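Coordinate inspection notes
Spelled out from the first residue to the last, the chains are:
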Amino acid sequence: MSYNEPEAKIFACSQSVYLAEKIANHYGVPLGKVTFSKYSDGEFQPSFEESIRGLRVFLVCSTFPSADNLMELLLMIDAAKRASARHITAVIPYFGWARQDRKDKPRVPIGAKLVAKLLETAGATRIMTMDLHADQIQGFFEKPVDHLFASTIFLPYVKSLGLENLTIASPDMGGSKRAYAYSKFLESDVVICYKQRKQANVIDTMELIGEVKGRHVILVDDMIDTGGTLAKAADVMIEKGALSVRAICTHAILSGAAYEKIENSKLEELIVTDSIPLKKESNKIKVVSCAPLFAEVMHMVQNNNSISGKFLM
């Protein structure tokens with residue numbers, strides 16, 4: 001008797017429908033039907049409106065704040081488990097709470113590990129995500145984790161710009177590994193920004209380790225939140241003689257006055273993915289969709305094919 005892999009269906013949390021529809025279109029299946037009942041006090045309940053018994057389900061949900069997104073995903077995983085889905089893959093393009101990956105001072109939680117345990121307890125059998133804030137978060141899970149890299153979609157775009165005298169830069173010491181990985185494929189120089197903060201999201205001083213004079217610089221990072229670091233880095237690099245400064249950031253959180261900071265900075269362009277929906281349009285922001293990447297890897301997982309070719313970093 002031949003064994004056939006269970007059929008796959010794709011569902012989405014309410015705030016990730018925009019991306020899930022693109023993924024489902026590239027995958028070649030319609031987006032599954034799920035409804036959310038809401039009570040007057042704010043409590044909600046998801047309901048799958050079609051049978052998923054014995055199937056592989058992909059639940060697409062970026063867990064950016066508010067916490068409702070994470071709670072939606074947890075409830076959908078639990079509902080899928082109780083509806084007898086055979087495999088439950090949590091597709092989390094942006095893995096929220098990832099900045100809490102360690103105790104950096106006394107009496108604080110390790111939020112990323114807590115989220116990992118919540119997902120497993122709810123019933124997720126596999127996790128698929130992209131550009132985690134810290135690679136070691138994969139170790140918080142006892143289930144398989146497919147950690148994809150947005151470099152597979154960013155690098156072709158960078159090459160299409162045809163920039164000479166290219167330099168890749170990291171906005172902080174922690175991102176140096178990512179910067180060196182990009183520079184390896186682009187055969188470019190690397191610059192590191194050394195910054196000191198007075199408090200969270202407030203930069204005190206910034207210095208450059210490396211030369212940017214006469215160079216086209218591309219800053220690379222996993223996320224952009226308030227935009228202060230990238231705006232400051234771009235201004236410093238232009239003052240140091242850089243010909244142009246662009247930034248690549250996988251997850252466009254863009255909170256607070258981030259849009260204004262980007263617009264008023266020396267950044268020529270900010271390239272992001274659609275792992276998080278933009279709050280508003282900007283002439284300086286270009287979105288490169290991650291939907292084709294996730295759809296392709298989901299096909300590979302469904303057909304038990306190796307996905308190692310998607311790991312460029």
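Each residue is numbered by its place in its chain's sequence as written, counting from 1. Only residues with pLDDT of at least 70 get local features here, since the model is predicted, and only at 80 or more are side-chain atom pairs given and counted; chain-wide, interface and lining totals rely on the full set of residues. Only hydrogens and water are set aside when side-chain values are computed; all heavy atoms of the structure are taken into account.

Per an unreviewed UniProt entry, the recorded name for the protein is ribose-phosphate diphosphokinase, and the organism is Flavobacterium indicum. UniProt positions are given in the numbering used here, feature names are shortened, and annotations may be inferred rather than shown by experiment. In the Catalytic activity (unreviewed entry) part of its UniProt record, the protein is described as follows: "D-ribose 5-phosphate + ATP = 5-phospho-alpha-D-ribose 1-diphosphate + AMP + H(+)".

In this numbering, the UniProt entry assigns the feature "domain: Ribose-phosphate pyrophosphokinase N-terminal" (unreviewed entry) to residues 9–123. Regarding residues 9–123, the helix share stands at 33% and the strand share at 22%, and the terminal C-alpha atoms are separated by 17 Å. The numbering of helices and of strands both runs from the N terminus, where a helix is a DSSP run of H or I of at least 4 residues and a strand a run of E of at least 2.

This part takes up the pattern of salt bridges. Here, a salt bridge means any Lys or Arg side-chain nitrogen found within 4 Å of an Asp or Glu carboxyl oxygen. All chains considered together, the criterion is met by 14 salt bridges. For D225, the salt bridge identified is with R99, shortest N-O distance 2.8 Å. With a gap of 126 residues between them, D225 in the loop between β11 (216–224) and α6 (228–239) and R99 in the loop between β5 (87–92) and α3 (111–122) connect regions that are remote in the sequence. Of the residues examined, D225 reaches a relative accessible area of 14% and is grouped as buried. The partner of R215 in a salt bridge is D189, and the shortest N-O contact between them spans 3.3 Å. Residue R215 is found in the loop between β10 (202–209) and β11, and its partner D189 is found in strand β9 (residues 189–199); the two are separated by 26 residues along the sequence. Only protein chains enter the accessibility calculation, which uses a 1.4 Å probe; a residue is then buried when its area is under 20% of its type maximum, exposed when over 50%, and partly exposed in between.

Segment limits for the domains were obtained from an automatic or database-derived domain assignment. When cut into domains, the protein gives domain 1 (9–148) and domain 2 (151–289). Placing a centre on the C-alpha atoms of domain 1 and another on those of domain 2 gives a separation of 28 Å. Each partner contributes to the interface: domain 1 provides 14 residues, whereas domain 2 provides 14 residues. Linking domain 1 with domain 2 are three salt bridges. Counting of polar contacts relies on pairs of N or O atoms within 3.5 Å, with two restrictions inside protein: one atom must be capable of donating a hydrogen and the other of accepting it, and residues adjacent in sequence are counted only when both atoms are side-chain atoms. Our count for the contact surface shared by domain 1 and domain 2 stands at 11 residue pairs in polar contact (both at pLDDT 80 or more). Here the side of domain 1 that touches domain 2 gets three residues from one element, more than from any other, and that element is helix α1 (residues 17–27). Note on residue categories: nonpolar means Ala, Val, Leu, Ile, Met, Phe, Trp, Tyr, Cys or Pro, charged means Asp, Glu, Lys or Arg, and polar means any other residue, Gly included. Of the residues belonging to the side of domain 1 that touches domain 2, the class tally is seven nonpolar, three polar and four charged. Should any heavy atoms of two residues lie within 4.5 Å, those residues are considered in contact.

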